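Geometric and topological summary
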Amino acid sequence: MIVTLTTDFGLRDGYVAAMKGAMLAAAPDVRAVDVTHEVPAQDVMAAAFVLRGAAPFFPAGTVHLAVVDPGVGTLRRAIAARLVVGGTPCRFVGPDNGLLPLLADGPPVEAVVLDRPGAWRTPVPSDTLHGRDVFGPVAAALAAGAALDDIGSPAGPLAPLHWPLPRVDAEGVEGMVLHVDRFGNCTTNIPREALAGRGGFKAYVGSSVLRRHAPSYGHVAAGEPLTLFGSSGHLEIAVNRGDAAALLSVVRGAPVSVVFEAAPAPPPRTRTRSASAA
């Protein structure tokens, strides 16, 4: 029984440990796998990006707990849901703040509001740490075999949140940087499909123009910037053995413009004289 953990709690304080302790108290055999606890504070979209890149690769039955919850203690709902992510059926627990719809390929297969205090650590949870008192114990119960209708009532539509989409036309693509990883690689919202069959292109980001596109980092010299399609299938701005974000002064949300190179004009056709006209 696996529960993955994605939070903005960091590791300096005891919040992650308290949540894991509450999970173990609810289901002692649960296995907690940390996706990350370094999501930027209260950044729901960043949490969804990271978790979407990891969730489809876990075995069936895994429960994914995502607690990036700027609305904790307010009227925002606590939910659990069955979603399809990257073509893989998955189960998730977290706040109803748009995080789960960002993950999913489409509408949830099933979603419930966590309104059964018997599944919580305490019927009177903290106003500021629902990860410990509500989400963690519920995720552990689901991993141990509980069904969604054991821990909540039908939720109806979830709070919507949508990824920003690139704009594509005959001349190029206008997109943005969605994520900067620890290496300084900058992943954009421009999918491979948007550039398929377009031939060559150059990318404008910050004050730089990137003219090299390669299959991976090592195909260019050390220190040279390039574009490539990363493991997410999206266009990435990178520097071989370097930090693209620092070198090119790129931050999350920065605009990226891809300009298609004009196809070379075909050579002029020459008319050949037939033998009868000689």
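Residues numbered from 1 in each chain as written. Predicted model: local features only at pLDDT ≥ 70, side-chain atom pairs only at ≥ 80, totals over all residues. Heavy atoms only, no water.

1. Re the overall build of the protein chain
In terms of helices and strands, the protein chain carries seven helices and 15 strands. Relative to a compact globule of 278 residues, whose C-alpha radius of gyration would be 19 Å, the protein chain shows 24 Å and is clearly more extended. Principal-axis analysis of the C-alpha atoms places the extent of the protein chain at approximately 100 × 45 × 30 Å. In the protein chain, which comprises 278 residues, the proportion classed as buried is 46%. When contacts within the protein chain are restricted to residue pairs at least 6 apart in sequence, those whose partners lie at least 24 apart make up 66%. Split by element, the accessible area of the protein chain, about 14,200 Å² in all, is 56% carbon and sulfur. Side chains of the protein chain carry 23 positive and 24 negative charges; the gap between the two charge centres is 10 Å. (Helix = DSSP H or I, 4+ residues; strand = E, 2+ residues; numbered from the N terminus. Rg over C-alpha atoms; globule rule 2.2 N^0.38 Å. Buried < 20%, exposed > 50% of the residue type's maximum accessible area, 1.4 Å probe, protein only. Contact = heavy atoms within 4.5 Å. Areas by Shrake-Rupley, 256 points an atom, 1.4 Å probe, with all protein chains shown as cover. Lys, Arg positive; Asp, Glu negative; His and termini not counted. Charge placed at Lys NZ, Arg CZ, Asp CG, Glu CD.)

2. Observations regarding the confidence of the model for the protein chain
Confidence in the prediction of the protein chain, expressed as mean pLDDT, is 93, and 94% of residues score 70 or more. Confidence drops under a pLDDT of 50 for residues 271-278, and excluding neighbours within four residues, the segment shows one contact in the predicted structure. (pLDDT = per-residue confidence, 0-100.)

3. Here's the deal with the pattern of salt bridges
Inspection of every chain in the model, using the stated rule, returns 11 salt bridges. Of the charged contacts in the structure, one is a salt bridge between Arg82 and Glu110, with a shortest N-O distance of 3.2 Å. Pair noted here: Arg82 is in strand E4 (residues 78-85) and Glu110 is in strand E6 (residues 110-113), with a separation of 28 residues, a long-range link. Judged by relative accessible area, which is 35%, Arg82 ranks as partly exposed. Under the relative-accessibility criterion, Glu110 is labelled partly exposed at 28%. Two residues, Arg167 and Asp169, come together in a salt bridge whose shortest N-O distance is 3.4 Å. Taken together, the shared-partner salt bridges connect Arg121, Arg132 and Asp133 into one network. (Salt bridge = Lys/Arg side-chain N within 4 Å of Asp/Glu carboxyl O.)

4. Digging into the sheet that holds strand E2 (residues 31-36)
Taken in spatial order, the seven strands make up an open sheet running E2-E1-E3-E5-E4-E6-E7, and their pairing is mixed. Each having just a single partner strand, E2 and strand E7 (153-154) make up the two edges of the open sheet. As paired elements, strand E3 (residues 63-67) and strand E5 (residues 88-95) share three bridges and run parallel to each other. The partner of Leu65 across the bridge, within E5, is Val93. (Pairing = 2+ DSSP bridges.)

5. Brief notes about the packing of helix H1 (residues 15-26) against helix H4 (residues 130-143)
Here H1 crosses H4 at 45 degrees, and the two axes come no closer than 8 Å. In this view, H1 runs oblique relative to H4, as classed from their interaxial angle. Considering the relative orientation of H1 and H4, their crossing is right-handed. Across from Ala18, Met19, Ala22, Met23 and Ala26 in H1, the residues of H4 making contact are Gly131, Arg132, Gly136, Pro137 and Ala140. Residue composition of the contact of H1 with H4, by class: seven nonpolar, two polar and one charged. (Axes fitted to C-alpha atoms, helices over the stretch in contact; angles between N-to-C directions. Parallel < 35°, antiparallel > 145°, perpendicular 65-115°, else oblique. Left-handed = near helix turned anticlockwise from the far one by under 90°. Nonpolar A, V, L, I, M, F, W, Y, C, P; charged D, E, K, R; others polar.)

6. A look at the packing of aromatic side chains
Summed over the entire model, instances satisfying the criterion amount to two aromatic pairs. Geometrically, the ring pair formed by Phe9 and Tyr15 is edge-to-face, given 6.1 Å between the ring centres and 75 degrees between the ring planes. Relative to Trp163, the ring of Phe49 lies with its centre 6.4 Å away and its plane at 80 degrees, an arrangement referred to as edge-to-face. Of this pair, Phe49 sits in helix H2 (residues 44-52) while Trp163 sits in the loop between E7 and strand E8 (167-168), and the two are 114 residues apart along the sequence. Residue classification places Phe49 among the buried residues on the basis of a relative accessible area of 17%. Exposure remark for Trp163: the relative accessible area of 24% places this residue in the partly exposed category. A cation over a ring is seen here: Arg182 above Phe183, with NZ or CZ 5.1 Å from the ring centre. (Phe/Tyr/Trp six-rings, centres within 6.5 Å; stacked < 30°, edge-to-face > 60°. Lys NZ or Arg CZ within 6 Å of the ring centre and 35° of its normal.)

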